[in-house]
Amino acid sequence: MKIYVKYFASVRDIMGKDSEDLKIETSLSANELWKSLTVGKKTPIRVLVAVNHEYVDKNFKLKNGDEIAFFPPVTGG
Amino acid sequence: MKIEIMNEKFDPWQSLVDYKKNVLQNNPKIGATSVFVGTVRDFNDDEEVQNMELEHYPGMTEKYLEDIVNAAIKKYKIIDGLVIHRVGALEPTDPIVIVASWSEHRDNAFNATRDIMEALKAEAPFWKKESTNNGFRWVEPTIGEENNIDEI
């Protein structure tokens, strides 16, 4: 299945890109995807994840066509 | 309700006057207006801040701001709410955000404005990158402002 991955702020700096389209196996969780994308990278301790513009927990199972975003804790206002 | 993400410098007070004039007009039910304006400081964590870059997640930001204002409308029965937030390049003294709530009585306006602002800081996907004498740094959330959102 196909998913769309976005990275923001310090996570984008670490990943070296702001987005990528991926073909993945079915039934990957958000956490499993993050682990596979960051093998060998020094990742921040705290990373939030959103799917289709909603915060999800790390065990959220991805579906075909999902947009998943990884980013650090927010600092607006 | 008004939710807006601004790429350019804006005058929060003029935005307030315009919204009152063009949208709320002379609504006679309004007895209280509560306003919060956040501006860029020239210091943070004992370092001088020269300027700042504010990034956001288009689409998700607007959705969360709408949800946050709708929650305040429901909880405090406010008549209306407004949030305008800057992104892009900012300098000290530039306005970052304005939150305004209109209600029949002051308690609800005060509480709604505070709730909206606190929820914005905890949930809305914005990130600040400061330029200091030691280079760039991503701002970390202040202790006590952290949210309950699950982390990886």
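Please refer to the structure placed before this passage.
Figured I'd write up the structure that's included with this text. Keep in mind that what you see is a predicted model, and the values were worked out from it rather than measured.

## Structural notes on the packing of helix α2 (residues 60-76) of chain B against helix α3 (residues 106-123) of chain B
Residue and element names in this part refer to chain B.
Line of reasoning, step 1. It is at 9 Å that the axes of α2 and α3 come closest, and there the two elements cross at 150°. Between α2 and α3, the angle falls in the class roughly antiparallel. Helix-helix and strand crossings are classified by hand; for α2 and α3 the assignment is right-handed. Residues Tyr-64, Leu-65, Ile-68, Val-69, Ala-72 and Tyr-76 of α2 lie in contact with α3, whose contacting residues are Asn-108, Asn-111, Ala-112, Asp-115, Ile-116, Ala-119, Leu-120 and Glu-123.

## Here's the deal with the interface of chain B and chain A
Line of reasoning, step 1. On the side of chain A, 23 residues touch chain B, which itself brings 26 residues to the contact.
Line of reasoning, step 2. Counting residues per element, the ones that place at least two in the side of chain B that touches chain A are α2, β7 (95-103), α3 and β8 (126-132) of chain B.
Line of reasoning, step 3. Per-element accounting of the side of chain B that touches chain A gives the leading share, four residues, to α3(B).
Line of reasoning, step 4. Each residue belonging to the side of chain B that touches chain A can be placed in one class, and the counts come to 15 nonpolar, three polar and eight charged.

## Here's the deal with the nonpolar core
Line of reasoning, step 1. Of all hydrophobic cores here, the largest spans 49 residues; its most connected members are Phe8(A), Val49(A), Ala69(A), Phe71(A), Val83(B) and Ile116(B).
Line of reasoning, step 2. Beyond its immediate stretch of four places on either side in the chain, Phe71(A) contacts Tyr7(A), Phe8(A), Ala9(A), Val11(A), Leu48(A) and Pro125(B).

## Here we look at the sheet that holds β7(B)
All names here are of chain B.
Line of reasoning, step 1. The sheet built from four strands is open, its strands ordered β1-β5-β7-β2 with mixed pairing. Here the strands that pair on one side only, and so sit at the sheet edges, are β1 (2-6) and β2 (32-39). In this sheet, neighbouring strand axes are inclined to one another by 5° on average, regardless of whether the strands run parallel or antiparallel.
Line of reasoning, step 2. Inspection of the sheet shows strand β5 (residues 80-86) paired to β7 by six bridges, in the antiparallel sense. By the bridge assignment for β7, Ile-84 is matched with Ile-98.
Line of reasoning, step 3. Helix α1 (residues 12-24) rests against β1, β2, β5 and β7 of the sheet, and its axis sits at about 35° to β7.

## Comments concerning unusual backbone geometry
Line of reasoning, step 1. The phi dihedral of Ser27(A) is positive, around 70°, even though this residue is not glycine.
Line of reasoning, step 2. Of note, Ser27(A) is situated in the loop between β2 (19-23) and α2 (30-37).
Line of reasoning, step 3. One non-glycine residue, Asp45(B), adopts positive backbone phi at about 50°.
Line of reasoning, step 4. Note that Asp45(B) resides in the loop between β3 (43-44) and β4 (47-56).

Procedures and definitions
- Residues numbered from 1 in each chain as written.
- Chains lettered and ligands numbered in written order.
- Predicted model: local features only at pLDDT ≥ 70, side-chain atom pairs only at ≥ 80, totals over all residues.
- Axes fitted to C-alpha atoms, helices over the stretch in contact; angles between N-to-C directions.
- Helix = DSSP H or I, 4+ residues; strand = E, 2+ residues; numbered from the N terminus.
- Parallel < 35°, antiparallel > 145°, perpendicular 65-115°, else oblique.
- Left-handed = near helix turned anticlockwise from the far one by under 90°.
- Contact = placed C-beta atoms within 7 Å.
- Nonpolar A, V, L, I, M, F, W, Y, C, P; charged D, E, K, R; others polar.
- Core = buried A, V, L, I, M, F, W, Y, C linked by C-beta atoms within 7 Å.
- Buried ≥ 20, exposed ≤ 12 C-beta atoms within 10 Å, placed from the backbone.
- Pairing = 2+ DSSP bridges.

These values are about where atoms sit, not about what they do.
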